Amino acid sequence: MDHSFDTNSSSSSQALVDFLASTLPCMGIDVPTYTPYVLSVLEGASEDIEYEEIFSAMIDVLRVSSSKETGDAAWEDFGRGLLDARLDAEHLRAETVEREARGRREEGVAAVRTAEDNLLKDFEFAVRAMEDFGAMEIK
């Protein structure tokens, strides 16, 4: 079963989607229905005091929506796993941003070097042309 959702995401978010796809069914939660909800909560919550309240409320919604009687320990494990998966996704996203920035920086350096080389060639051409013109004038 394909659990790729249109999250406008990179592979980092896909790792979070994969975590949800593997764990939500074990918790008695419908993956296609609740994955977008969980992702939107995780992406919309900031890292402040409200985050804990929002996260806790989200877990409560999932618990109530579950088709299974699952104990507190399982929900706590799920919550910890979800936070770990989110952290992993954030690290992957940060690494991707850094890699892309490094690539853009290297492209910029290469473009400057190419421009310098072209300018030097143009200058050398102009010097040779002036020398040739001067040699022609002396004759």
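Note that this is a predicted model, so its numbers are computed, not measured.

### Brief notes about the overall build of the protein chain
Check the secondary structure of the protein chain and you find four helices and zero strands. When the elements of the protein chain are put in sequence order from the N terminus, they spell out α-α-α-α. Here the protein chain holds 139 residues, and the buried ones make up 27% of them. Element-wise, carbon and sulfur atoms account for 56% of the exposed surface of the protein chain, whose accessible area totals about 9800 Å².

### Here we look at helix H2 (residues 31-44)
Taking 1.5 Å per residue, 14 residues should reach 20 Å; H2 reaches 19 Å between its end C-alpha atoms and fits that length. Buried within H2 are the following residues: Val31, Tyr34, Thr35, Val38, Leu39, Val41 and Leu42. Axial view of H2: buried residues confined to an arc of 165 degrees, hence all on one face. The exposed set on the far side of H2, more than 90 degrees from its buried face, consists of Glu43 and Gly44.

### Some words on the packing of aromatic side chains
Tallying each qualifying case throughout the model produces three aromatic pairs. Between tryptophan 75 and phenylalanine 78, the aromatic rings sit 5.8 Å apart at their centres with planes inclined by 80 degrees, giving edge-to-face as the arrangement. Placement of the pair is tryptophan 75 and phenylalanine 78 together in helix H4 (residues 72-138), with a separation of three residues, close to one helical turn. With a relative accessible area of 4%, tryptophan 75 lands in the buried category. The buried category is assigned to phenylalanine 78, whose relative accessible area is 4%. The structure contains a cluster of three or more aromatic residues connected by ring pairs, namely Phe19, Trp75 and Phe78.

### Comments concerning the nonpolar core
Of all hydrophobic cores here, the largest spans 23 residues; its most connected members are Leu20, Leu42, Met58, Leu62, Phe78 and Leu82. Not counting the four nearest positions on each side in its chain, leucine 20 is found in contact with Pro25, Val31, Thr35, Val38, Leu39, Phe78 and Leu82.

Reading the values: the criteria
- Residues numbered from 1 in each chain as written.
- Predicted model: local features only at pLDDT ≥ 70, side-chain atom pairs only at ≥ 80, totals over all residues.
- Heavy atoms only, no water.
- Helix = DSSP H or I, 4+ residues; strand = E, 2+ residues; numbered from the N terminus.
- Buried < 20%, exposed > 50% of the residue type's maximum accessible area, 1.4 Å probe, protein only.
- Areas by Shrake-Rupley, 256 points an atom, 1.4 Å probe, with all protein chains shown as cover.
- Expected span 1.5 Å × (residues − 1).
- Arc of directions from axis to C-beta.
- Phe/Tyr/Trp six-rings, centres within 6.5 Å; stacked < 30°, edge-to-face > 60°.
- Core = buried A, V, L, I, M, F, W, Y, C linked by side-chain atoms within 4.5 Å.
- Contact = heavy atoms within 4.5 Å.

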